[in-house]
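Chain and residue survey
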Amino acid sequence: MRYWLLKLLLVLSVGVAVPSFSGSLVVAWGANEFGECEIPATISGDAVAIKVGYYFSLAMSLDGSVVAWGRNDHGQCDVPASISNNTVAISCGSDHSMALLSDGSVVAWGLNSSGQCDVPASISNNAVAISGGLGHSAALLSDGSVVAWGLNSSGQCDVPDSITNAIAVASGNRHNVALCSDGNVVAWGRDDGQLDIPSSISNNAVMIGAGGNHNLALLSDESVVAWGWNQNGQLNIPQSVTSNAAAIGADGSSSWVVSLDERVIAWGINDNDQLDIPLSASSNVNAISINASHGLALVPDNDGDSMPDVWEINYGLNPFFNDAMGDVDFDGIVNLDEYAYGINPWKTDSDADGELDADEIAMGFNPADPHSRLNLRGVCDNNYQLTFMTITGKTFYLESRDSLVSGEWIERVGLKGTGTEINLIDPFMTSNRFYRVKVIN
Ligand SMILES: [Ca+2]
Ligand SMILES: [Ca+2]
Ligand SMILES: [Ca+2]
Ligand SMILES: [Ca+2]
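Residues numbered from 1 in each chain as written. Chains lettered and ligands numbered in written order. Predicted model: local features only at pLDDT ≥ 70, side-chain atom pairs only at ≥ 80, totals over all residues. Heavy atoms only, no water.

To describe a pair of aromatic rings, you give the distance between the ring centres and the angle between the ring planes. This model, assessed by the stated rule, comprises 5 aromatic pairs. With 5.7 Å between their ring centres and 75° between their planes, F34 and Y55 make a pair best called edge-to-face. With F34 in the loop between β1 (24-30) and β2 (47-52) and Y55 in the loop between β2 and β3 (56-61), this residue pair connects regions lying 21 residues apart in the sequence. You can call F34 partly exposed: its relative accessible area is 40%. Taken together, a centroid distance of 5.3 Å and an interplanar angle of 70° make the contact between W311 and Y339 edge-to-face. Taken as a pair, W311 in helix α2 (residues 309-314) and Y339 in helix α3 (residues 335-341) lie far apart in primary sequence, 28 residues in all. Note on Y339: relative accessible area 18%, which makes it buried. Members of the aromatic cluster, joined through ring pairs, are F34, Y54 and Y55. (Phe/Tyr/Trp six-rings, centres within 6.5 Å; stacked < 30°, edge-to-face > 60°. Helix = DSSP H or I, 4+ residues; strand = E, 2+ residues; numbered from the N terminus. Buried < 20%, exposed > 50% of the residue type's maximum accessible area, 1.4 Å probe, protein only.)

Laid out in structure tokens, this is it:
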């Protein structure tokens, strides 16, 4: 009963859609240059698959629909209406997207510079898995064969005849790797070492992953092997990964493992903070995908309040009760917004920079970053100099009055924010003068 009251309150007071109860959330981190980390509201609680492209994101929902967002310079986010609600799997390359439909057909869209979106007629309705590379695409067919199309600069589309019993395919930048039903792994295309299958695999592989120029395999003893290019340490499997892997993945120059105890361990390049996995995606993920630009994870949200289970448990909130509109630290920021801003729901100054979360949010600063703050300070010499940080797109007004408790605030100067710190000098300072900064959107 309490829940329904809260639900009603939600609808009436803020007019937002109440999250469904199917129980998963998409979490994003890393580069956000094209909005690739801004999860569309239309994916509320029912995503079942995610995939990162190069500065764009894909998600498939329980109803078989697909949403794409982020970089769209080649139409890679323009999901064709023809796929309707029939998708059963998604994949993408650097600049194109792919969907496997329930009838076994494949649809591809986005950059088609090398024919990577021209799905061969020979696939017909026989595909069971799909994979996107840099300028090529691949599909696993129901008879255990693999088809690859698009850019063939390194022979990445020349699938070896020996592959007749594949059960998985993964695409790198210019190579592909296939897992066969006998635990064998085959790779073809460009060779920076990624075609040299380690002898330790020896028919024991159960899962494969392909990065840009490297591969990962999970073996039946729950150990992991990596081979190929190691320019960014993508082959340097952390010591914490010791026969305790439940799942693996690779993309770009990144590699990751989900351990048997459900922790996420990732390594390789971190130039876009793509390895800075947020707390809510650090364990107990349903799916995870990381590449050269960013990361996405699908995480459980049992009570459908849009706050991940792991985050709620970490902060002592209830993962089985919708407490999104609660405000445990009474700072006016509801729990759901505390989660969205990446701050501590129990602290009123989460980043301990001396400025309250609520004030920082109101002014447009980042309440989770101690380097992002107004930082208003004054120096009194012959006149008074005020220094403070500005934000691009906001307008800042400096006001003063001669008494702290009474009198009218007089506007001294207004200026457009530049994203940098500015100095203002008040030449009319009297013996007592009080200042405030007003920020307008
Ligand atoms: Ca929740
Ligand atoms: Ca909750
Ligand atoms: Ca709060
Ligand atoms: Ca603060």
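Before going further, it helps to spend a moment on the sheet that holds strand β20 (residues 287-290). Pairing is antiparallel across the open sheet formed by 3 strands, whose spatial order is β1-β21-β20. The outermost strands of the open sheet, each flanked by one partner alone, are β1 and β20. If you compare each strand with its neighbour and ignore which way they point, the axes differ by 15° on average. In the sheet, β1 pairs with strand β21 (residues 294-300) via 7 bridges, with the strands oriented antiparallel. Paired with A28 across the strands is L296, a residue of β21. (Pairing = 2+ DSSP bridges. Axes fitted to C-alpha atoms, helices over the stretch in contact; angles between N-to-C directions.)

Across the sheet, which stays open at both edges, the 3 strands sit in the order β11-β12-β13 with antiparallel pairing between neighbours. One side of each edge strand has no neighbouring strand; the edge strands of this open sheet are β11 (166-171) and β13 (185-189). Sheet twist, expressed as the average angle between the axes of neighbouring strands with direction ignored, equals 20°. As paired strands, β11 and strand β12 (residues 175-180) are joined by 5 bridges and run antiparallel to one another. Across the sheet, residue A170 finds its bridge partner in β12, namely V177.

Let's shift gears to the pattern of salt bridges. In this structure the tally under the stated criterion is 9 salt bridges. Among the ionic pairs, E399 bridges to K438, the shortest N-O distance being 3.1 Å. You can see E399 sitting in strand β24 (residues 395-401) and its partner K438 sitting in strand β27 (residues 434-440), a full 39 residues away along the chain. We note a salt bridge from D402 to R433, for which the minimum N-O separation is 3.2 Å. Taken together, the residues span a long stretch of sequence, with D402 in the loop between β24 and β25 (410-416) and R433 in the loop between β26 (421-426) and β27 at a distance of 31 residues. Assessed through its relative accessible area of 43%, D402 is described here as partly exposed. (Salt bridge = Lys/Arg side-chain N within 4 Å of Asp/Glu carboxyl O.)

Below, the discussion takes up the coordination of the calcium ion (ligand 4). When a metal holds four donors in a tetrahedron, each ideal angle between them is 109.5 degrees; when it holds six in an octahedron, the ideal angles are 90 or 180 degrees. The calcium ion (ligand 4) binds to the protein through D349 (OD), D351 (OD), D353 (OD), E355 (O) and E360 (OE), with metal-donor distances spanning 2.1 to 2.3 Å. Every donor residue of the calcium ion (ligand 4) comes from the same chain, spaced as D-x1-D-x1-D-x1-E-x4-E. As far as burial versus exposure is concerned, E355 and E360 are alike and both buried. (Donors = N, O, S within 2.8 Å, 3.2 Å for Na, K, Ca; no water.)

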